[in-house]
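These are the residues of each chain, in order.
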Amino acid sequence: MAATDPGRTARGQRRLRLILFLLLTAVVGGLAVGVAMGGENTGIFDGDPPGWATNLGRVLVVLGIVLEVAAIVWAVRTGRHRAARRSPLLSVSWSHRRRLGRQVRRGTPEVGEDPALLAETARQYSGQRWFVPLVAGLAMTSVGQALLGFAPFFVVIGGLLVLIWVVLIVSVLRNARRGEAFLRNHPDLSQQR
């Protein structure tokens, strides 16, 4: 079996999307219920959370921290956190990296571009999925903290952070798919090293 079996990859992606959707639904649902219910003596910066919000907030904070630690341990044990340490892209300017990234995301290499740099950019994109559980843990932790604070200020800040992290997760997953597609569609580039 090949190292990247398309059927296996697709099943893994569907499973990851389902898990992320369920986590996001639980987190956003808890945040929405918290905003709707309100607490007694809730000011703009301080609030008195009801028991359910305190309990849900603690659970989300603990689960988020556990998920973050597990993602970091997994990334360190598998070597993914330092996979790009010896990358030839480190010696390339930022503007050139952005141009390489655009070519990989679009799936069309420009004439005269270094094939090794394009392939390395695509490999890095496809190897960044390990950020997703880490960022999901951060989102859960911030929502838990917003529920523990139970004040409009914390809810707004928590909601903004969750929005930013959801955009980051979607971007990482989309770029990973585009990097894999680029390597699949240009095997002549991915063979050269």
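Here, the structure is the one placed above.
Note that the structure is a prediction, hence the values are computed from the model and not measured.

Draft legend 1. Local environment of the packing of helix α5 (residues 131-149) against helix α6 (residues 152-185). The geometry of α5 relative to α6 is characterised by a closest axis approach of 9 Å and an angle of 170° between their N-to-C directions. Classified by the angle their axes make, α5 and α6 are roughly antiparallel. Of the residues in α6, those in contact with Val 132, Val 135, Ala 136, Leu 138, Ala 139, Ser 142, Val 143, Ala 146 and Gly 149 of α5 are Phe 154, Val 155, Gly 158, Leu 161, Val 162, Trp 165, Leu 168, Ile 169, Val 172 and Leu 173. Taken together, the residues of the contact of α5 with α6 break down into 16 nonpolar, 3 polar and no charged.

Draft legend 2. Region of interest: the packing of aromatic side chains. Taken as a whole and assessed by the stated rule, the structure comprises 1 aromatic pair. On the numbers, 4.4 Å between centres and 25° between planes, the contact of Trp 130 with Phe 131 is stacked. Overall, the relative accessible area of 30% leaves Phe 131 in the partly exposed class. Sitting over the ring of Trp 94, Arg 97 keeps its end group 4.6 Å from the ring centre.

Rules used throughout
- Each residue is numbered by its place in its chain's sequence as written, counting from 1.
- Predicted model: local features are reported for residues with pLDDT of at least 70 only, side-chain atom pairs are reported and counted for 80 or more only, and whole-chain, interface and lining totals are derived from all residues.
- Values reported for side chains reflect all heavy atoms of the structure, with hydrogen atoms and water molecules removed beforehand.
- Helix axes are fitted only over the stretch in contact, all axes being lines through C-alpha atoms; the angle between N-to-C directions runs from 0 to 180 degrees.
- Numbering goes from the N terminus for both helices and strands, where a helix is a DSSP run of H or I of at least four residues and a strand is a run of E of at least two.
- Any angle from 65 to 115 degrees is called roughly perpendicular, while one under 35 is roughly parallel, one over 145 is roughly antiparallel, and all others are oblique.
- Contact definition: two residues touch when any of their heavy atoms are within 4.5 Å.
- Residues were grouped as follows: Ala, Val, Leu, Ile, Met, Phe, Trp, Tyr, Cys and Pro as nonpolar; Asp, Glu, Lys and Arg as charged; and all remaining residues, including Gly, as polar.
- The pairing test for Phe, Tyr and Trp rings, Trp by its six-membered ring, is centres within 6.5 Å, and the orientation test on the planes gives stacked under 30 degrees, edge-to-face over 60, and tilted for anything in between.
- Relative accessibility decides the category of a residue: with a 1.4 Å probe and only protein chains considered, values under 20% of the type maximum give buried, values over 50% give exposed, and everything between is partly exposed.
- Two conditions define a charge sitting above a ring: the NZ of Lys or the CZ of Arg must be within 6 Å of the ring centre, and it must be within 35 degrees of the ring normal.

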